[in-house]
Amino acid sequence: FAQKVVLFCHITTRIKGRKHDGLLTKKGGRGFPHLVFMDEQGEVITKPAGRSVKAFEKGAEQVGSFMKLRNKADKSDAEKVELLTLEIEFGTVSADEARKRAKELEGSLDDAAKAKLAEGMKVLEARDFEQEIKAALPKKRPAGQEEAKAVLTKLGEKFWADYQAGKRPTNNPQGPGQTFYQVMVQYGMQTKQAGPARAGYEGLEKIFGGFKQARPQLDRLKKQVEELEAGGGGE
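Residues numbered from 1 in each chain as written. Predicted model: local features only at pLDDT ≥ 70, side-chain atom pairs only at ≥ 80, totals over all residues. Heavy atoms only, no water.

Engineer: Any chance you could explain the overall build of the chain here in plain terms?
Structural biologist: Within the chain one finds nine helices and two strands. Walking the chain from its N terminus toward its C terminus, one meets helices and strands in the order α-β-β-α-α-α-α-α-α-α-α. Considering only C-alpha atoms, the chain reaches an extent of 60 × 55 × 30 Å along its principal axes. Among the 235 residues that make up the chain, the fraction classed as buried is 34%. Sequence separation of 24 or more characterises 51% of the internal contacts of the chain that already satisfy a separation of 6 or more. Put simply, the chain shows about 15,200 Å² of open surface, and 51% of that area lies on carbon and sulfur atoms. Distance between charge centroids for the chain: 7 Å, based on 42 positive and 34 negative side chains. (Helix = DSSP H or I, 4+ residues; strand = E, 2+ residues; numbered from the N terminus. Buried < 20%, exposed > 50% of the residue type's maximum accessible area, 1.4 Å probe, protein only. Contact = heavy atoms within 4.5 Å. Areas by Shrake-Rupley, 256 points an atom, 1.4 Å probe, with all protein chains shown as cover. Lys, Arg positive; Asp, Glu negative; His and termini not counted. Charge placed at Lys NZ, Arg CZ, Asp CG, Glu CD.)

So this is what it looks like as structure tokens:
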């Protein structure tokens, strides 16, 4: 992997007066380790979508493509679409700016570029929905089991309705998709509804299925969902 990228490691020491000791915070880090891809100027481009070798290799490939396209002076419409979809995935372009650029490109694209742009817009919608998820979460921990149950019911009803309406978060392990699907599983189990329980499990499988350490928990969850379905849990 080090043959494809320049590795950079910064150690925070908390030694008073040490030069650049606050670099972690400046790059958006809130804990250890904080992993990012940066350009040659040290500006953060994006984070790896996971902690696996596959996620690192995919991220490096995408960042390489992004930097080449960003620095290219005369871009074709297809290249402009590719750059925009990467910016959307990385979160380096605002929703308004992305939609403006997409509208400017729409009339001059072939079918392949249109399909690529449509996929990018789906990611943008998913990111917008993630803001809804964050806004819906309680600002403080529920006090006691009854309040926790009430909060879960309220969130579960909302997230299940959103899911049925076609709203989906991204599959980024570091995003709120984990909370979204976990709530649906718990809501489904609590209310004996196989529909949200199954949808929640499958969503978690998409996010964490490639993580070896998550496999035992996912397998247990799958068994619980199957038992609910076998017991005639309603949809």
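Engineer: Whenever I open this one, the nonpolar core confuses me. Can you help?
Structural biologist: Looking at soluble globular proteins, one finds that nonpolar side chains tend to be buried together. Core analysis: the largest hydrophobic core is formed by 26 residues, its most contacted members being Phe159, Tyr163, Phe180, Tyr181, Met184, Leu204 and Phe208. For this core, the secondary-structure elements that each account for two or more residues are helix 5 (111-136), helix 6 (145-164), helix 7 (177-191), helix 8 (194-208) and helix 9 (215-230). Sort the elements by how many residues they give to this core and helix 8 lands first, with seven residues. Setting aside anything within four residues of it in sequence, one finds phenylalanine 208 in contact with Pro173, Gln178, Ala214 and Leu218. Grouped together as the second largest cluster of nonpolar side chains are 12 residues, Val81, Leu84, Leu105 and Leu117 included. (Core = buried A, V, L, I, M, F, W, Y, C linked by side-chain atoms within 4.5 Å.)

Engineer: Would you mind showing me how to read unusual backbone geometry here?
Structural biologist: In most cases, non-glycine residues show a negative phi, while peptide bonds are predominantly trans. Here the bond from phenylalanine 32 into proline 33 is cis, since omega is -15 degrees, no more than 30 degrees from zero. Relative to the helices and strands, proline 33 is located in the loop between helix 1 (23-26) and strand 1 (37-38). With a phi close to 60 degrees, arginine 14 is a non-glycine residue in the positive phi region. Its location among the elements puts arginine 14 in the segment before helix 1.

Engineer: Please clarify how the packing of helix 3 (residues 77-90) against helix 5 should be interpreted in this entry.
Structural biologist: Packed helix pairs are characterised by how far apart their axes lie and by the angle those axes make with each other. Running from N to C, helix 3 and helix 5 point in directions that differ by 15 degrees, and their axes come no closer than 9 Å. In terms of orientation, helix 3 lies roughly parallel with respect to helix 5. For the pair helix 3 and helix 5, the sense of crossing is left-handed. Along the contact surface, helix 3 presents Val81, Glu82, Leu84, Thr85, Ile88, Glu89 and Phe90, while helix 5 presents Ala113, Lys116, Leu117, Gly120, Met121, Val123, Leu124 and Arg127. (Axes fitted to C-alpha atoms, helices over the stretch in contact; angles between N-to-C directions. Parallel < 35°, antiparallel > 145°, perpendicular 65-115°, else oblique. Left-handed = near helix turned anticlockwise from the far one by under 90°.)

Engineer: Would you take a moment to explain the pattern of salt bridges for this structure?
Structural biologist: Working definition: two side chains of opposite charge can pair if their charged atoms are close together. Counted by the stated rule, this structure contains 13 salt bridges. A salt bridge links glutamate 119 to lysine 122; its shortest N-O distance comes to 3.5 Å. In this pair, glutamate 119 and lysine 122 are both assigned in helix 5, three residues apart and thus about one turn of the helix distant. According to the relative accessible area criterion, glutamate 119 is partly exposed, its value standing at 46%. (Salt bridge = Lys/Arg side-chain N within 4 Å of Asp/Glu carboxyl O.)

Engineer: Please explain the packing of aromatic side chains as it appears in this structure.
Structural biologist: How two aromatic rings sit relative to each other is set out by the distance from centre to centre and by the angle between their planes. Following the criterion strictly, the structure yields six aromatic pairs and no others. On the numbers, 5.0 Å between centres and 45 degrees between planes, the contact of phenylalanine 159 with phenylalanine 180 is tilted. Separated by 21 residues along the polypeptide, phenylalanine 159 in helix 6 and phenylalanine 180 in helix 7 bring together distant segments of the chain. One aromatic cluster is present, built from ring pairs that chain together Phe129, Phe159, Phe180 and Tyr181. Above the plane of the ring of tyrosine 163 lies arginine 168, whose end atom (NZ or CZ) is 3.6 Å from the centre. (Phe/Tyr/Trp six-rings, centres within 6.5 Å; stacked < 30°, edge-to-face > 60°. Lys NZ or Arg CZ within 6 Å of the ring centre and 35° of its normal.)

Engineer: Even after reading the chapter, I still don't get the environment of histidine 34, so can you show me in this structure?
Structural biologist: With respect to the secondary-structure elements, histidine 34 resides in the loop between helix 1 and strand 1. Residues histidine 34 and phenylalanine 208, 174 residues apart in the sequence, show an inter-C-alpha distance of 19 Å. At 3.3 Å, the side chain of histidine 34 forms a polar contact with the backbone oxygen of lysine 27. (Polar contact = N/O pair within 3.5 Å; in protein donor to acceptor, adjacent residues only side chain to side chain.)

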